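Here is how the chains run, residue by residue.
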Amino acid sequence: MTNSDLYLFYHGLLLPKIVHNEDSLKYFESFQAQDDDVIVVTYPKSGTTWMQEILPLLLNGGDFTPVLTIPNWDRVPWLEESRTAQVIDKLSAPRAFVTHMHYRLMPSSFFSSKAKVIYVSRNPKDVLVSSFHFHQMASFLHDPGTFEEFTDKFLSGNVFFGKWTDHVKSWRNTDLGDRILYITYEEMIQDLHGVLERISFFLGKHLSKDTLKRVTEHCEFKTMTQNKMSNYTLVPQTVMDTQKSPFLRKGIVGDWKNHFSSELESKFNAAIFEELKGTGITFPWDEEHK
């Protein structure tokens, strides 16, 4: 199938038609943000599902009921997807949402509100690998081709939600001040408990040591893969073929080393460096190249 069969074009971005349509995007544009909303922003395959598990637990004092009884796409819905209009009236304050949208495309009410943002970034090489496997198992995305071919598509932005570099640049140097918290997927892998403490402080939620310990244990990747409300096994095989790849695949740092040749890594690093040159944006994984 062609891109036009699978995707909508929205301000230059490819959005999968299976969960986006003209009505959902109009709803997104007119969305009324509340001051106590919490919005997780990610580029696809950067820890979105993980944060959909974490946020409800931190916001409701460690009550496990929502994460064990409500699918993640309903308990922490995407602002731009069609489900939001159907479930938003069921959400209690403080509401939690996720989005893959660029900063400049956020609804106007977001900018005038006091809603808080948690921006999660991930090493783009691992993002690419995760996205490559996702394209292989998701029938609503284009065939990725070979890994080298998909790398070219990724670097050129011919993937859903565009270039990784455009996304991270759009959410840096914003006017949000202390309304935004930046964390990385790698930090979550290295010290999940510490990251949850930071997020709790940012949200003004003070959980007991015991509660935070239980939340941390539940949100470990291996535990989350067993939660049918979070692992996407509720989705029909015709939509996501878990025989090809599980949705929650490995949850590790550095899997890119099993996929990149040295030549492809050099090409990839050079392209990302060129895109970020002069922005002042740096990441922990940049130390690998010094």
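Here we summarise the structure given alongside this text. (Residues numbered from 1 in each chain as written. Predicted model: local features only at pLDDT ≥ 70, side-chain atom pairs only at ≥ 80, totals over all residues. Heavy atoms only, no water.)

Focus: the overall build of the chain
On a plain count of helices and strands, the chain comes out with 15 helices and six strands. For the chain, the C-alpha radius of gyration of 18 Å lies close to 19 Å, the compact-globule estimate for 290 residues. On the principal axes, the C-alpha backbone points of the chain span a range of 50 × 45 × 40 Å. Residues classed as buried in the chain amount to 56% of the 290 residues present. Here the chain has roughly 13200 Å² of accessible surface; of this, 51% comes from carbon and sulfur atoms. Between the mean site of the 31 positive side-chain charges and the mean site of the 37 negative ones, the chain shows a separation of 2 Å. (Helix = DSSP H or I, 4+ residues; strand = E, 2+ residues; numbered from the N terminus. Rg over C-alpha atoms; globule rule 2.2 N^0.38 Å. Buried < 20%, exposed > 50% of the residue type's maximum accessible area, 1.4 Å probe, protein only. Areas by Shrake-Rupley, 256 points an atom, 1.4 Å probe, with all protein chains shown as cover. Lys, Arg positive; Asp, Glu negative; His and termini not counted. Charge placed at Lys NZ, Arg CZ, Asp CG, Glu CD.)

Digging into the pairing of strand S6 (residues 180-184)
Along any regular strand the residues' side chains alternate between the sheet's two faces. The buried fraction of S6 amounts to four of the five residues, a majority that puts the element mostly inside the structure. In the sheet, strand S5 (residues 116-121) pairs with S6 via five bridges, with the strands oriented parallel. Looking at S6, one finds that Tyr-119 is bridged to Tyr-182. (Pairing = 2+ DSSP bridges.)

Quick word on the packing of aromatic side chains
For the coordinates displayed, the defined rule picks out 18 aromatic pairs. With a centroid separation of 5.1 Å and an interplanar angle of 75°, the aromatic rings of Tyr-103 and Trp-171 are classed as edge-to-face. Of this pair, Tyr-103 sits in the loop between strand S4 (96-99) and helix H7 (108-112) while Trp-171 is found in the loop between helix H10 (164-170) and S6, placing the two residues 68 residues apart along the sequence. Members of the aromatic cluster, each reached through a chain of ring pairs, are Tyr-43, Phe-132, Phe-147, Phe-150, Phe-154, Trp-256, Phe-260 and Phe-268. Positioned above the aromatic ring of Phe-134 is the side chain of Lys-45, whose terminal nitrogen or guanidinium carbon lies 4.2 Å from the ring centre. The aromatic ring of Phe-202 is capped on one face by Lys-116, whose charged end is 4.9 Å from the ring centroid. (Phe/Tyr/Trp six-rings, centres within 6.5 Å; stacked < 30°, edge-to-face > 60°. Lys NZ or Arg CZ within 6 Å of the ring centre and 35° of its normal.)

Notes on unusual backbone geometry
The phi angle of most residues is negative, glycine excepted, and most peptide bonds adopt the trans form. With omega at -5°, the peptide bond leading from Ala-93 into Pro-94 counts as cis. Relative to the helices and strands, Pro-94 resides in the loop between helix H6 (84-87) and S4. The backbone phi angle of Lys-45 is positive, close to 70°, even though this residue is not glycine. Locating Lys-45 in the fold gives a position in the loop between strand S3 (38-42) and helix H3 (48-59). The backbone phi angle of Phe-161 is positive, close to 70°, even though this residue is not glycine. Within the element layout of this structure, Phe-161 appears in the loop between helix H9 (147-156) and H10.

Points about the side chain of Ser-24
Considering the arrangement of structural elements, one finds Ser-24 in helix H2 (residues 22-30). Judged by relative accessible area, which is 5%, Ser-24 ranks as buried. Once residues within four sequence positions are removed from consideration, Ser-24 is found in contact with Val-19, Glu-80, Glu-81 and Ser-82. (Contact = heavy atoms within 4.5 Å.)

Quick notes on the pattern of salt bridges
For the coordinates displayed, the defined rule picks out 10 salt bridges. Measuring nitrogen to oxygen at the nearest pair gives 2.7 Å for the salt bridge that ties Lys-213 to Glu-217. Taken together, the residues span about one helical turn, with Lys-213 and Glu-217 both in helix H13 (residues 209-218) at a distance of four residues. (Salt bridge = Lys/Arg side-chain N within 4 Å of Asp/Glu carboxyl O.)

Section: the packing of H9 against helix H15 (residues 262-276)
When two helices pack together, you describe them by how their axes are tilted relative to each other and by the distance separating the axes. Between H9 and H15, the least distance of the axes is 11 Å, while the angle of their chain directions is 5°. Between H9 and H15, the crossing angle belongs to the class labelled roughly parallel. Residues Phe-147, Glu-148, Thr-151, Asp-152, Phe-154 and Leu-155 of H9 lie in contact with H15, whose contacting residues are Leu-264, Lys-267, Phe-268, Ala-271 and Ile-272. Partitioning the contact of H9 with H15 into residue classes produces seven nonpolar, one polar and three charged. (Axes fitted to C-alpha atoms, helices over the stretch in contact; angles between N-to-C directions. Parallel < 35°, antiparallel > 145°, perpendicular 65-115°, else oblique. Nonpolar A, V, L, I, M, F, W, Y, C, P; charged D, E, K, R; others polar.)

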